[in-house]
Amino acid sequence: HGPTGIAMVLLPGGTFLMGSAAEECGREADEAPVHEVRLSPFLISKHEVSQARWEAVMGTNPSVFQAGLGLPEGVDTDDLPVDSVSFDDALLFADRTGLSLPTEAQWEFACRGGTRTPFAFGSAITTDQVNFSSLGEDPCEGSGTARLETVAVDSFVPNAYGLFNMHGNVAEWCADRYDPDFYSSPRASGPDPISISGSGATGRVVRGGSWGGQSHLCRSASRVHAMGPPGSTAGLRVVWRQE
């Protein structure tokens, strides 16, 4: 992306199964029913938006994890993901760059990397693969130690689509309004579905879990209903705007 230098990955679209089965670890009711979704090809950023790229566009940096604030003086934080981002500011960043926030369907397709397991890496994750808060009590996690801070946006091994940190690090805003019943709607299958309004549609959706959340929140199918001011776990990833 010329104006920002954000690296994008072209995903092929097509059909995929969205949502989670009843036996999946940590599953919530709003992840059902599993349904086939049709997507057009789209471009999505290879990494979460970094603090340096955010500041270059917005002129400010809301992040908790900055040198002298949440981190020691002298630490280079340019490649850490921007955190503490509100939905409105995420939209403003996207608007200023000519990009968009991904829909929930685009996000889950990208996160799965062609898989149907809870994570792109299998049925469980460790902190060698994903930055999350391992408490040793979650059925979706393996061994590990919580870092309790963000890591660089190019950390760990990417998924099969070449995307980094789709699980953990910072939770990522999606364009949809949160509707717990949207998956039961005919509109949920697409093509290119997005939840804009509905009887249960309130607030917004963040996806992917974070440095401060347990592993089940990092699953590909997990949907978190975000209300109120952003916490230090909220960041973003962007897609190329379709005109």
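Shown above is the structure to which this text applies.
So, here's what we can say about the structure. This one's a predicted model, so the numbers in the text were calculated from it and none came from an experiment.

Quick word on the packing of helix H1 (residues 51-58) against helix H2 (residues 87-97)
Reasoning step 1: It is the contact of H1 with H2, at a shortest axis distance of 10 Å, that shows an interaxial angle of 75 degrees. The orientation of H1 with respect to H2, classified from their angle, is roughly perpendicular. Mapping the contact onto sequence places Arg-53, Trp-54, Val-57 and Met-58 in H1 and Asp-89, Ala-90, Leu-92, Phe-93, Arg-96 and Thr-97 in H2.
Reasoning step 2: Residues that form the contact of H1 with H2 fall into these classes: six nonpolar, one polar and three charged.

Quick notes on the packing of aromatic side chains
Reasoning step 1: For the structure shown, the criterion picks out six aromatic pairs.
Reasoning step 2: On the basis of an interplanar angle of 5 degrees and a centroid distance of 5.1 Å, the ring pair of Trp-54 and Phe-93 is categorised as stacked. Of the two residues, Trp-54 is situated in helix H1 and Phe-93 in helix H2; the sequence distance between them amounts to 39 residues. With respect to burial, Trp-54 and Phe-93 carry one shared label: buried.
Reasoning step 3: An aromatic cluster of three or more residues is present, and its members are Phe-16, Phe-42, Phe-109 and Tyr-161.
Reasoning step 4: Cation over ring: Arg-223 sits above Tyr-183, and NZ or CZ is 4.4 Å from the ring centre.

Digging into the state of the cysteines
Reasoning step 1: Applying the stated rule across the entire model yields one disulfide.
Reasoning step 2: Residue Cys-25 pairs covalently with Cys-140 via a disulfide, S to S 2.1 Å. Disulfide Cys-25 to Cys-140: torsion about the S-S bond roughly 120 degrees, handedness right-handed. Taken together, the residues Cys-25 in the loop between strand S2 (14-18) and strand S3 (35-39) and Cys-140 in the loop between helix H3 (104-112) and strand S6 (171-178) connect sequence positions 115 residues apart.
Reasoning step 3: On the basis of relative accessible area, Cys-25 is assigned to the buried category, the value being 15%.
Reasoning step 4: Judged by its relative accessible area of 0%, Cys-140 falls in the buried class.
Reasoning step 5: For the unlinked cysteine Cys-111, the closest cysteine sulfur is that of Cys-218, found at 9.1 Å.

Focus: H1
Reasoning step 1: For H1, the set of buried residues is Gln-51, Trp-54 and Met-58. Seen end-on, H1 carries its buried residues on one side only, within an arc spanning 65 degrees.
Reasoning step 2: Buried residues along H1 sit against H2.
Reasoning step 3: Positive backbone phi, approximately 80 degrees, marks Gly-59, located one or two places after H1.

Re unusual backbone geometry
Reasoning step 1: In this model, Ala-32 is joined to Pro-33 through a cis peptide bond whose omega is -5 degrees.
Reasoning step 2: Along the chain, the position of Pro-33 falls in the loop between S2 and S3.
Reasoning step 3: Omega for the peptide link from Gly-190 to Pro-191 comes to 15 degrees, which places this bond in the cis form.
Reasoning step 4: Relative to the helices and strands, Pro-191 is located in the loop between S6 and strand S7 (202-207).
Reasoning step 5: Residue Ser-84 is not a glycine yet carries a positive backbone phi of 60 degrees.

Reading guide: rules and limits
- Counting from 1, residues in each chain are numbered in the order their sequence is written.
- The predicted nature of this model means local features are confined to residues of pLDDT at least 70 and side-chain atom pairs, given and counted, to a pLDDT of 80 or more, with totals for whole chains, interfaces and linings taken over all residues.
- Derived side-chain values reflect all non-hydrogen atoms in the structure, with water molecules and hydrogen atoms excluded from consideration.
- Lines fitted to C-alpha atoms define the axes here, with helix axes fitted over just the stretch in contact, and angles between the N-to-C directions of these axes take values from 0 to 180 degrees.
- Put simply, DSSP H or I for four residues or longer makes a helix, DSSP E for two residues or longer makes a strand, and each gets a number counted from the N terminus.
- In what follows, roughly perpendicular refers to angles from 65 to 115 degrees, roughly parallel to angles under 35, roughly antiparallel to angles over 145, and oblique to any angle outside these ranges.
- Throughout, a residue-residue contact means that at least one pair of heavy atoms, one from each residue, lies within 4.5 Å.
- Three categories are distinguished: nonpolar for Ala, Val, Leu, Ile, Met, Phe, Trp, Tyr, Cys and Pro, charged for Asp, Glu, Lys and Arg, and polar for the others, with Gly belonging to the last.
- Only the six-membered ring of Trp is used, alongside the rings of Phe and Tyr, when aromatic pairs are assigned; centres must lie within 6.5 Å, and planes under 30 degrees apart are stacked while those over 60 apart are edge-to-face, with the rest tilted.
- Each residue gets one of three labels from its accessible area relative to the maximum for its type: buried under 20%, exposed over 50%, partly exposed in between, using a 1.4 Å probe on protein chains only.
- Put simply, a charge is over a ring when the Lys NZ or the Arg CZ is close to the ring centre, within 6 Å, and near the line of the ring normal, within 35 degrees.
- Here, a disulfide means two cysteine sulfur atoms that sit within 2.5 Å of each other.
- By construction, the arc corresponds to the directions joining the helix axis to the C-beta atoms.

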